[in-house]
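Single-letter residue listing:
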Amino acid sequence: MNLALQSESFSQGNGPDPEKGAKAQVYPFPYAMEIRRLIEQERIAAARSLLKHALSQGSPTPDLLQWQEILAPARVRKSSQLDRDRSPEFRWLKERGAAYSGQWVAVLGEELLAHADTLKELLIRLEEIQPPFPPLAVRLD
Amino acid sequence: MLTLHGHDFCCSRSRFEDQDRRASEPTAKIFVAIRLPGVSTLLWAQLDTGSAWSVLDPETAEAAGISAEDGIAQVLLTRLGPIEGRLVKVPITLTADEGESLDLEGTFFIAPAWPPGKSFLGYSGLLDSIRFALDPAANHFYFGASEGRP
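Cut-offs applied
Numbers given to residues run from 1 along each chain, matching the order in which its sequence is written. Chain labels run from A onward and ligand labels from 1 onward, assigned in the order the entries are written. Only residues with pLDDT of at least 70 get local features here, since the model is predicted, and only at 80 or more are side-chain atom pairs given and counted; chain-wide, interface and lining totals rely on the full set of residues. Excluding hydrogens and water, the side-chain figures rest on all heavy atoms present in the structure. Within this scheme, the nonpolar core is defined by two criteria: the residues are buried Ala, Val, Leu, Ile, Met, Phe, Trp, Tyr or Cys, and they are joined through side-chain atoms within 4.5 Å. Per-residue accessibility, obtained with a 1.4 Å probe over protein chains only, is compared with the maximum for each type, and a residue is labelled buried under 20%, exposed over 50%, and partly exposed between these values. By definition in these notes, contact holds between two residues if any of their heavy atoms fall within 4.5 Å. All axes here are fitted lines through C-alpha atoms, helices being fitted over the stretch that makes contact, and every angle between N-to-C directions spans 0 to 180 degrees. Under the DSSP-based scheme used, a helix requires at least four consecutive residues in state H or I and a strand at least two consecutive residues in state E, with every element numbered from the N terminus. In this classification, the charged set is Asp, Glu, Lys and Arg, the nonpolar set is Ala, Val, Leu, Ile, Met, Phe, Trp, Tyr, Cys and Pro, and all remaining amino acids, among them Gly, are polar. pLDDT measures the predictor's confidence residue by residue and takes values from 0 up to 100. When DSSP finds two or more bridges between two strands, those strands count as paired. Simply put, the buried area is the total loss of 1.4 Å probe accessible area from both parts when two parts are fitted together. Note on definitions: salt bridges are taken to be side-chain nitrogens of Lys or Arg within 4 Å of carboxyl oxygens of Asp or Glu. Here the arc refers to the directions that run from the helix axis out to each C-beta atom.

**Some thoughts on the nonpolar core**
Logical step 1: Counting 40 residues, the largest nonpolar core has L122 of chain A together with L36, V90, I92, L94 and L121 of chain B as the members making the most contacts within it.
Logical step 2: What V90 of chain B contacts, discounting residues up to four positions off in sequence, is L36, L56, I66, L104, E105, G106, F108 and I110 of chain B.
Logical step 3: Membership of the second largest hydrophobic core comes to 26 residues, among which are F29 and L51 of chain A together with V55 and I72 of chain B.

**A look at the packing of helix α2 (residues 31-40) of chain A against helix α4 (residues 62-70) of chain A**
The geometry of a pair of packed helices is captured by two quantities: the angle between their axes and the separation between those axes.
Residue and element names in this part refer to chain A.
Logical step 1: Between α2 and α4, whose axes approach to 9 Å, the crossing angle comes to 35 degrees. Of the residues in α4, those touching α2 at Y31, A32, I35, R36 and I39 are D63, L64 and W67.
Logical step 2: Here the residues of the contact of α2 with α4 sort into 6 nonpolar, no polar and 2 charged.

**Remarks on the confidence of the model for chain A**
Residues and elements named next belong to chain A.
Logical step 1: In this model, chain A carries an average pLDDT of 86, and 84% of its residues clear a pLDDT of 70 or more.
Logical step 2: Within chain A, the lowest mean pLDDT, 41, falls on helix α1 (residues 2-6), and the highest, 98, falls on strand β5 (residues 111-116).
Logical step 3: The low-confidence segment residues 1-8, where pLDDT is below 50, has 12 contacts with residues more than four positions distant or belonging to other chains.

**Topic: the sheet that holds strand β12 (residues 130-135) of chain B**
All names here are of chain B.
Logical step 1: Read across the open sheet, the 4 strands follow the order β9-β3-β13-β12; overall the sheet is antiparallel. Because the sheet does not close on itself, it has two edges, and the strands there are β9 (98-99) and β12.
Logical step 2: Where β12 meets strand β13 (residues 140-145), 6 bridges bridge the pair, whose relative direction is antiparallel. Counted as the bridge partner of A133 is Y142 from β13.

**Some thoughts on the interface of chain A and chain B**
Logical step 1: Between chain A and chain B, the contact holds 46 residues from the first and 56 residues from the second.
Logical step 2: Carbon and sulfur atoms make up 56% of the surface buried where chain A meets chain B, a total of about 4600 Å² over both sides.
Logical step 3: Among the residues of chain A in contact with chain B, I70, K78 and F90 of chain A are the three that bury the most area, contributing 14% of the side total.
Logical step 4: On inspection of chain A and its partner chain B, the count reaches 8 salt bridges.
Logical step 5: In this structure, the salt-bridge partner of R15 of chain B is D85 of chain A, at a minimum N-O distance of 3.6 Å.

**Here's the deal with helix α6 (residues 119-129) of chain A**
Logical step 1: The complete set of buried residues in α6 of chain A reads L119, L122, L123 and L126 of chain A. Taken end-on, α6 of chain A shows its buried residues confined to a sector of 95 degrees, consistent with a single buried face. Exposed and facing more than 90 degrees away from the buried side of α6 of chain A are K120, E127 and E128 of chain A.
Logical step 2: Buried residues along α6 of chain A sit against β4 (104-108), β5 and β6 (136-139) of chain A together with β5 (42-47) and α1 (58-63) of chain B.

Right, here's the structure in full:
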């Protein structure tokens, strides 16, 4: 890995080809492919390090720029949007949720507002009801 | 009040649920409420620091209008086996009952084969970008932006 990181490019084969001589084709190091492999192995820190190195080589490819966005830390900002204590909803789910196994439920306080097989259907039903405060939507298994 | 580098440790608190009646496993899981733009309800997401990525279940992604063409195609090895999906930046709100909520744009894995209703807040690109703590005795989830980080 260290050797690969130190090279910007590699040639096909294991060494100089006497027949091709100086005309051996040189390929750019496949950074994006290697980052993808590291991500698949959940080696996120190694993927970030390799990306940083790749970007330091200049002229980043579009896929490297995409990885740069995906591997970046989350953007965080404070919001004035406040919720309220959802203990009543949690209580309802504990005490009565079993009856709605396999469905999405929308609960506000200790009241079931709607239930449906899919979240999409649930949201349509809630649009008709227009609850005064956002309910909690949960799919129960 | 504990401070870190002269700043308050966090600014937000919400209650979490730690009994998952939905799961066949006996161990308790921690669920916190989140909001997504375009979705009129709060949704539950499991807090999972052991998960490399956050996961948004496909029904929730569709409701939030997140396109299947967004992001980068990727295979991830999950407890359900290898799953094809996409890594996508998704805006969410970690809602607070007290203090201030946080708007985050984090990286989520979205896969059509993922079971509906099972969303996770994982470590990379989301939890590693904020400060958080749990009070299991009171079921309180404390969180805040990582202000004052040297």
